[in-house]
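Per-entry structural report
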Amino acid sequence: MARSVAGLGVVTTAILTPYARAARRLLVVPAMFVGVFTVWPAVTTLRRGFDLAATITDGGLRSTVWFTTWQAAISTVSTLVVGIPVAWVLTRHEFVGRRIVRALTLVPFVLPTLVVGLAFRTVLPSGLRTGVAPLVIAHAFLNVAVVVRIVGARWESQPRGFDDAAATLGAGPVVRFRTVTWPALRASIVAAGGLVFMYCFSTYGTARVLAGPSRPVAETEIYRFAVLAGDMRAASALAVAQIVLVGIVLAITAPGTRHGASHATTPARPVTLRNATHARRAGVTLGAVIIAAVFVIPLVGLAVRSLRVGDAFTLSAWRNAFGSTTSLHLVDAITASIATALVAAVITVVVGTLVAFVQVHATSRTTRGIATACEVIPVVVSAVVVGLGFLLAFRESPVDWRGRWWLLPVSHAVVALPLVSRTIAASMRQIPQDLRNAASTLGASPLRVFSSIDASLLRRPIGAATTLAALVSLGEFGASSLLSRRGNETLTMAIGRLLGRPGDILQAQAFVAAVVLAALCLSLVAFVDRVTTGDIG
Amino acid sequence: MTTPGLEVDHVNVAFGDSSVLVNVSLRLERGEIVAVLGPSGSGKSTLLRAITGLVEINSGTVRVNGVDMRGVATHRRGVGFVFQNNQLFPHLDVADNVGYGLRIARAPSAQRHARVTELLSLVGLPHHGERDVATLSGGEAARVALARSLATSPPVLLLDEPLAGLDHDLRYALAEDLRRVIRAAGSTTLVVTHDPVEAERIADRVVRLVDLSDELTAELSSDGQ
């Protein structure tokens with residue numbers, strides 16, 4: 001019977017020796033990269049931090065870590081509470097505009113966190129612009145996409161039949177959720193929660209604009225100590241706390257990630273709204289409208305705010321940004337952002353592809369382990385800590401690299417590496433070993449097998465990964481704000497600088513830069529989406 | 001005259017613009033086993049789903065033991081359903097799958113265990129309670145699905161191609177078993193299948209789906225030629 005073969009043929013476990021051999025040799029490149037640009041700076045930072053273990057008992061640092069932890073916990077719970085119903089609306093139903101609404105939920109995720117924070121600030125009532133509440137709301141808004149992706153994927157693959165079977169056995173909607181849906185989703189919810197907690201714990205761009213001066217989080221404090229106060233020891237002590245706590249969270253929740261991911265099967269058919277009950281139809285329609293509105297309004301707010309100087313609406317902030325006597329050289333900042341993103345994307349994709357290749361094809365456990373470490377270490381070390389580590393590690397010969405232009409794209413590559421290597425590895429694993437076997441039985445040499453099978457099947461995923469890396473770089477603010485220098489200021493750096501300065505026109509210009517950056521990110525995504533989907537048709 | 005166990009009265013179901021069931025009527029006496037025959041895509045599954053309430057009917061009536069099911073949610077209908085691909089819950093073992101409905105009905109644990117044991121022996125799988133459902137063969141999974149649906153002794157039992165996916169010999173052997181088990185349970189039973197031999201072995205009475213609806217009959221016979 002045909003149904004018994006469904007789902008087979010996607011696992012690559014068979015060993016192709018030339019691939020394994022290549023994997024062992026290629027490992028040296030990512031290992032060197034992560035060693036020099038992540039491990040070494042992190043260790044330098046850690047050593048500084050340990051000098052001052054006493055400072056950790058310092059009341060100010062302790063309360064910062066405590067606040068960072070609990071705001072992340074509340075943000076995570078809020079994100080799940082909002083995200084799970086959104087995932088239900090978007091993955092269990094088919095309705096006109098579903099794809100658009102789904103794409104909208106991804107918008108905050110592809111936008112720089114700094115821009116999202118600013119966008120949020122424009123739509124909040126003036127008394128509520130900074131503090132815990134706006135920070136938590138913005139975190140939920142940013143990370144709903146994570147829940148929709150991870151939990152939604154699992155939900156989509158859950159056959160509707162289980163729900164129907166439970167109903168015929170007497171289970172009402174609540175009981176069905178508890179006994180059928182929840183057990184299926186639990187692992188993915190834990191995985192999504194862990195990831196969201198990590199993002200919220202290492203929050204930086206959002207916190208810079210929303211948390212307010214009386215509520216500093218770990219990352220903004222590291223920045224303040226290192227850049228504004230010049231207290232590297234306090235910065236390092238916080239960085240240590242950051243690395244340790246994120247490491248713990250990751251260790252607890254990572255098994256769930258793997259478990260959840262291994263479940264991907266054929267998607268169940270979503271419910272067509274036309275055939276649903278009236279109550280469900282009304283609920284889903286209302287849900288979709290609310291989701292769309294919530295995701296569009298802050299963006300509109302951002303654009304409107306860039307047109308306001310003081311209390312007047314004017315184009316002057318925009319006009320000034322293109323002028324010559326101004327504190328924002330928009331064209332220069334755009335050029336710097338794009339150039340940095342290009343270099344960072346190339347570095348990330350080269351290193352990330354190698355990491356993925358080794359993970360998928362190495363036969364030795366040690367080799368695979370090192371490759372996995374190359375992917376995990378940059379997750380544990382947050383962007384601000386990467387920046388701090390660069391400052392501390394690369395200032396003495398033979399590695400006196402202070403002020404080198406390429407440090408910035410390299411730091412972005414470190415930040416983007418895990419995302420990129422994971423994306424590429426997932427696609428590499430999808431290539432059936434038998435395709436390669438077929439090619440070799442037809443006379444293709446190992447190199448030929450790689451170029452004719454792997455390389456051509458990976459072209460699109462690698463294209464997507466390049467975009468991802470460029471997006472991360474365009475919006476990167478954590479490492480950038482520690483490495484910023486005059487001369488090659490990117491858009492995010494410009495926003496950070498302008499926000500910190502008084503004056504209505506400068507504030508408005510920060511929003512001009514934010515609108516331009518948002519437009520840049522969105523058009524990049526739209527362009528790639530068009531190119532990649534256009535190929536299929 | 002006694003109230004029928006299951007009555008389908010001029011039921012219409014349409015998905016958007018396409019009519020799937022047109023004026024379908026069918027009547028089963030209490031405890032009767034009826035098989036409905038029809039090719040795939042003829043709306044057999046839809047008929048069963050309409051009876052359980054998993055599909056909304058546009059017009060017509062479904063009655064279980066004389067009670068109109070209009071507005072009654074699926075989980076309150078007392079209609080058992082054996083799904084085409086069994087739909088055994090992957091996170092529960094065999095015993096917990098069979099006992100699921102009893103747990104929902106808050107049956108005391110001792111009673112539940114006794115009933116699960118009884119049903120597993122009835123379907124020929126004694127001592128299989130702790131098995132992972134993923135390890136069951138096709139025939140075993142079909143038996144567990146049947147046991148699960150019968151556990152709460154539903155007044156009406158529906159079976160959607162219960163033996164599809166099994167190989168030939170096993171299928172007819174299982175058909176006899178199925179009849180014996182259903183008879184023992186006493187539920188009014190409607191089974192849909194595309195296989196006339198299977199239908200004959202399971203049911204007291206066999207009808208063709210096309211014969212249940214005047215308009216459908218006319219349409220299909222003119223299409224068929």
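Calculation notes
- Residues numbered from 1 in each chain as written.
- Chains lettered and ligands numbered in written order.
- Predicted model: local features only at pLDDT ≥ 70, side-chain atom pairs only at ≥ 80, totals over all residues.
- Helix = DSSP H or I, 4+ residues; strand = E, 2+ residues; numbered from the N terminus.
- Rg over C-alpha atoms; globule rule 2.2 N^0.38 Å.
- Buried ≥ 20, exposed ≤ 12 C-beta atoms within 10 Å, placed from the backbone.
- Contact = placed C-beta atoms within 7 Å.
- Pairing = 2+ DSSP bridges.
- Axes fitted to C-alpha atoms, helices over the stretch in contact; angles between N-to-C directions.
- Core = buried A, V, L, I, M, F, W, Y, C linked by C-beta atoms within 7 Å.
- Left-handed = near helix turned anticlockwise from the far one by under 90°.
- Nonpolar A, V, L, I, M, F, W, Y, C, P; charged D, E, K, R; others polar.
- pLDDT = per-residue confidence, 0-100.
- Parallel < 35°, antiparallel > 145°, perpendicular 65-115°, else oblique.

1. Some points on the overall build of chain B
- In terms of helices and strands, chain B carries eight helices and nine strands.
- Relative to the globule expectation of 17 Å for 225 residues, the C-alpha radius of gyration of chain B, 17 Å, shows essentially globular dimensions.
- Counting the 225 residues in chain B, one finds 46% classified as buried.

2. A closer look at the overall build of chain A
- Each helix and strand counted, chain A has 23 helices and four strands in total.
- Excluding contacts between residues fewer than 6 apart, the proportion of contacts in chain A whose partners are at least 24 apart in sequence is 84%.

3. Digging into the sheet that holds strand β2 (residues 18-28) of chain B
Residues and elements named next belong to chain B.
- Pairing is antiparallel in the open sheet, where four strands are placed in the order β2-β1-β4-β5. Unpaired on one side and paired on the other, β2 and β5 (67-68) mark the two borders of the sheet.
- Examined bridge by bridge, strand β1 (residues 6-15) and strand β4 (residues 59-64) share five bridges and lie antiparallel to one another. In the strand pairing of β4, D9 is matched with T61.
- In the packing of helix α1 (residues 44-52) onto the sheet, contacts are made with β1, β2 and β4, and the angle to β2 comes to roughly 70°.

4. Section: helix α8 (residues 160-168) of chain A
- Judged by how many residues are buried, α8(A) sits mostly within the fold: seven of nine residues are covered.
- Among all positions in α8(A), only A:F162, A:D163, A:D164, A:A165, A:A166, A:A167 and A:T168 are buried.
- Residues of α8(A) that are buried make contact with α9 (173-201) of chain A together with α1 and β6 (79-82) of chain B.
- Remark: A:G170 follows α8(A) within two positions and exhibits a positive phi of approximately 100°.

5. Some points on the interface of chain A and chain B
- Listed as interface residues are 20 residues of chain A and, on the opposing side, 23 residues of chain B.
- If you list the elements that add at least two residues to the side of chain A that touches chain B, you get α8 and α9 of chain A.

6. What to know about the environment of B:F83
- Its location among the elements puts B:F83 in the loop between β6 and α2 (94-98).
- Taking the C-beta count within 10 Å as the criterion, B:F83 has 22 such neighbours and is therefore assigned buried.
- B:F83 sits 38 residues away from B:S45 along the chain, and the two C-alpha atoms are 9.3 Å apart.
- Ignoring sequence-local partners within four residues, the contact set of B:F83 consists of A:G161, A:A165, B:A145 and B:D160.

7. Observations regarding the nonpolar core
- Judged by nonpolar contacts, the single largest core of 149 residues is most densely connected at A:I222, A:L388, A:A469, A:A513, A:A514 and A:L517.
- If near-sequence neighbours (up to four positions away) are discounted, A:L388 is found in contact with A:T45, A:I222, A:A226, A:A235, A:A239 and A:L482.
- The next biggest cluster of nonpolar side chains, apart from the first, holds 73 residues, and it includes A:A167, B:L21, B:A151 and B:L178.

8. Concerning the sheet that holds strand β3 (residues 33-37) of chain B
All names here are of chain B.
- If you walk across this open sheet you meet the five strands as β6-β7-β8-β3-β9, and the pairing is parallel. Looking at which strands have only one partner, the edges of the open sheet turn out to be β6 and β9 (205-208). Averaged over all adjacent pairs, the angle separating strand axes in this sheet is 20°, with direction ignored.
- Pairing between β3 and β9: four bridges, direction parallel. Across the sheet, the residue bridging to V34 is R205, located in β9.
- Lying over the sheet, helix α5 (residues 138-150) contacts β6 and β7 (156-160), oriented at roughly 175° with respect to β6.

9. Re the packing of helix α4 (residues 59-91) of chain A against helix α13 (residues 278-305) of chain A
All names here are of chain A.
- Their axes nearest at 10 Å, the elements α4 and α13 cross at an angle of 115°. Crossing hand, α4 versus α13: left-handed. Seen from α4, the contacting residues are P85, V86 and V89; seen from α13, they are V284, G287, A288 and I291.
- In terms of residue class, the contact of α4 with α13 is built from six nonpolar, one polar and no charged.

10. A short note on the pairing of β3(B)
Residue and element names in this part refer to chain B.
- Most of β3 sits inside the fold, with five of its five residues counted as buried.
- With burial as the criterion, each face of β3 is covered, one bearing I33, A35 and L37 and the other bearing V34 and V36.
- Bridge count for β3 against strand β8 (residues 188-193) is five bridges, and the pairing is parallel. In the strand pairing of β8, V36 is matched with V192.

11. Section: the confidence of the model for chain A
Residue and element names in this part refer to chain A.
- On average, chain A scores 82 in pLDDT, and the residues at 70 or more come to 88%.
- Put simply, helix α3 (residues 53-56) is where chain A has its lowest mean pLDDT, 58, and helix α15 (residues 330-361) is where it has its highest, 93.
- Taken together, the stretch residues 1-16 has pLDDT below 50 and engages in 17 contacts with residues farther than four places along the chain or on a different chain.

12. Digging into helix α17 (residues 383-393) of chain A
- Most of α17(A) is tucked away, with 10 of its 11 residues classed as buried.
- Along α17(A), the positions that sit buried rather than exposed are A:A383, A:V384, A:V385, A:V386, A:G387, A:L388, A:G389, A:F390, A:L391 and A:L392.

13. Digging into the confidence of the model for chain B
Residues and elements named next belong to chain B.
- Summing up the model confidence of chain B, the mean pLDDT is 87 and the portion of residues at 70 or higher is 94%.
- At the level of individual helices and strands, chain B shows its lowest average pLDDT in helix α8 (residues 214-224), which scores 47, and its highest in β8, which scores 95.
- Across residues 216-225 the pLDDT falls below 50, and counting only partners more than four positions away or on other chains, this stretch makes five contacts in the model.
- Among the prediction metrics, the complex's ipTM stands at 0.74, with pTM recorded as 0.76.

14. What to know about the environment of A:L302
Residue and element names in this part refer to chain A.
- Position of L302 relative to the elements: it lies in helix α13.
- Taking the C-beta count within 10 Å as the criterion, L302 has 22 such neighbours and is therefore assigned buried.
- Along the sequence, L302 and T122 sit 180 residues apart, while their C-alpha atoms lie 6.2 Å from each other.
- Once you skip the residues sitting within four places of it in the chain, L302 turns out to touch L118, A119, T122, F511, A514, V515 and A518.

15. What to know about unusual backbone geometry
- Its identity is not glycine, yet B:N65 carries a phi of approximately 50°, on the positive side.
- Summarising the element assignment, B:N65 is placed in the loop between β4 and β5.

16. Section: the packing of α17(A) against helix α18 (residues 407-430) of chain A
All names here are of chain A.
- Put simply, α17 and α18 touch, their axes get as near as 10 Å, and they point 140° apart. The pairing of α17 with α18 is recorded here as oblique in orientation. Of the two possible hands of crossing, α17 and α18 adopt the one that is right-handed. Residue-level inspection shows A383, V386, G387 and F390 of α17 in contact with α18, the latter providing L407, S411, V414 and V415.
- Among the residues forming the contact of α17 with α18, the class breakdown is six nonpolar, two polar and no charged.

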